[in-house]
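The lines below spell out each chain.
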Amino acid sequence: MSEFDNDEMNGLKRFWESNGSALVIGVVLGLAVIVGWQGWQWYQQRQATQAADVYQQVEQGLAGDSVDDSTLDAVARLKADYAGTPYAADAALRLAGIYVEQQDYDKAREQLGWASENAANEGVAHIARVRMARLLWTQDKPDDALALLDQAHPDAFNALYAEARGDILAARGDREGAYKAYQIALESLPADIASRALETKIADNAPADAADAPTDSNSASS
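Residues numbered from 1 in each chain as written. Predicted model: local features only at pLDDT ≥ 70, side-chain atom pairs only at ≥ 80, totals over all residues. Heavy atoms only, no water.

*Asks:* I'd love a proper account of the environment of Ala51, names of residues and values included.
*Replies:* Considering the arrangement of structural elements, one finds Ala51 in helix 1 (residues 2-62). Among the residues examined, Ala51 registers a relative accessible area of 0% and is labelled buried. Considered as a pair, Ala51 and Tyr82 are 31 residues apart in the sequence and their alpha carbons are 6.1 Å apart. Dropping the residues within four chain positions of it, Ala51 is found in contact with Leu78, Tyr82, Thr85 and Tyr87. (Helix = DSSP H or I, 4+ residues; strand = E, 2+ residues; numbered from the N terminus. Buried < 20%, exposed > 50% of the residue type's maximum accessible area, 1.4 Å probe, protein only. Contact = heavy atoms within 4.5 Å.)

*Asks:* Describe the environment of Trp137, with residues and values.
*Replies:* Take Trp137: it is sitting in helix 5 (residues 122-138). Residue class for Trp137 comes out partly exposed when judged on its relative accessible area of 28%. Sequence spacing of Trp137 and Ala171 is 34 residues, and the spatial spacing of their C-alpha atoms is 9.5 Å.

*Asks:* Give me the lowdown on the nonpolar core, citing residues and values where you can.
*Replies:* Side chains that are nonpolar tend, in soluble globular proteins, to be buried together. Counting 51 residues, the largest nonpolar core has Val58, Leu78, Ala115 and Leu149 as the members making the most contacts within it. Broken down by element, this core gets its largest block of residues, nine residues, from helix 3 (residues 86-101). Setting aside residues no more than four positions away along its own chain, Ala115 makes contact with Ala89, Ala92, Leu93, Ala125 and Ala128. (Core = buried A, V, L, I, M, F, W, Y, C linked by side-chain atoms within 4.5 Å.)

*Asks:* Can you explain the pattern of salt bridges? Please cite residues and give values.
*Replies:* Following the criterion strictly, the structure yields nine salt bridges and no others. Residue Asp167 pairs with Arg134 through a salt bridge whose shortest N-O separation is 2.8 Å. Of this pair, Asp167 sits in helix 7 (residues 158-171) while Arg134 sits in helix 5; the two residues are 33 residues apart in sequence, bridging distant segments of the chain. Judged by relative accessible area, which is 11%, Asp167 ranks as buried. The salt bridge partner of Lys201 is Glu163, with a shortest N-O separation of 2.7 Å. With Lys201 in helix 9 (residues 196-205) and Glu163 in helix 7, this residue pair connects regions lying 38 residues apart in the sequence. (Salt bridge = Lys/Arg side-chain N within 4 Å of Asp/Glu carboxyl O.)

*Asks:* If you had to explain the packing of helix 3 against helix 5 to someone new, which residues and values would you point to?
*Replies:* Where helix 3 meets helix 5, the axes come as close as 11 Å, and the angle between the chain directions of the two elements is 15°. Judged on the interaxial angle alone, helix 5 and helix 3 are roughly parallel. In this structure, helix 3 crosses over helix 5, and the sense of that crossing is left-handed. Along its contact with helix 3, which presents Ala89, Leu93 and Val100, the element helix 5 presents Val124, Ala128, Arg131 and Leu135. By residue class, the composition of the contact of helix 3 with helix 5 is six nonpolar, no polar and one charged. (Axes fitted to C-alpha atoms, helices over the stretch in contact; angles between N-to-C directions. Parallel < 35°, antiparallel > 145°, perpendicular 65-115°, else oblique. Left-handed = near helix turned anticlockwise from the far one by under 90°. Nonpolar A, V, L, I, M, F, W, Y, C, P; charged D, E, K, R; others polar.)

*Asks:* Describe the packing of helix 5 against helix 7, listing the residues and the values that go with them.
*Replies:* Running from N to C, helix 5 and helix 7 point in directions that differ by 5°, and their axes come no closer than 10 Å. As judged from the angle between their axes, helix 5 and helix 7 are roughly parallel. Listed contacts from helix 7 to His126, Ile127, Arg129, Val130, Ala133, Arg134 and Trp137 of helix 5 are Leu160, Tyr161, Glu163, Ala164, Asp167, Ile168 and Ala171. The residue inventory of the contact of helix 5 with helix 7, partitioned by class, reads nine nonpolar, one polar and four charged.

Written out as structure tokens, the structure is:
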């Protein structure tokens, strides 16, 4: 029994000598990952909570007819310190909306540009970009607007981009281009989204030799 124990001990010593450092490192790394993940989760939660508090100030400030300095400071703080939260881009979008109402389009474009480049949510980023394109169109800069809509984007946003392109082309008198853009928008539209408005735009811009405006299974949901 003693001999067996000695053999076991000797084997354990040899194993430890060969692998002990690796085991210790593995355990330390494992603990570091766990602690790091928990720390990151705590940090993210803390950021979200603090951002929500600042965003509440923005909501209160934007409820009035004018935007005061404290509201602008709150939006700037969200963008500077909490860009990774949804609150920052949403605040920028809402402030852009106020500026549009005030016809201060340059300031609106600045906010939309920030949101399109920095929004934590991809969908919000693309909404901001398309809104900025429409704003450029409003400012009589259709070429700049179309160039913005030409930028790469996921297929999930094809309908959003294509409809905006169609609206700009239709306004420029390019009925053929608008017709094609609206068709792409309709084909890309999710099945549960009403399509009547798009179908009307297609019909309004259909070429003279088109027998009927194109239809889509989406029309059943409109």
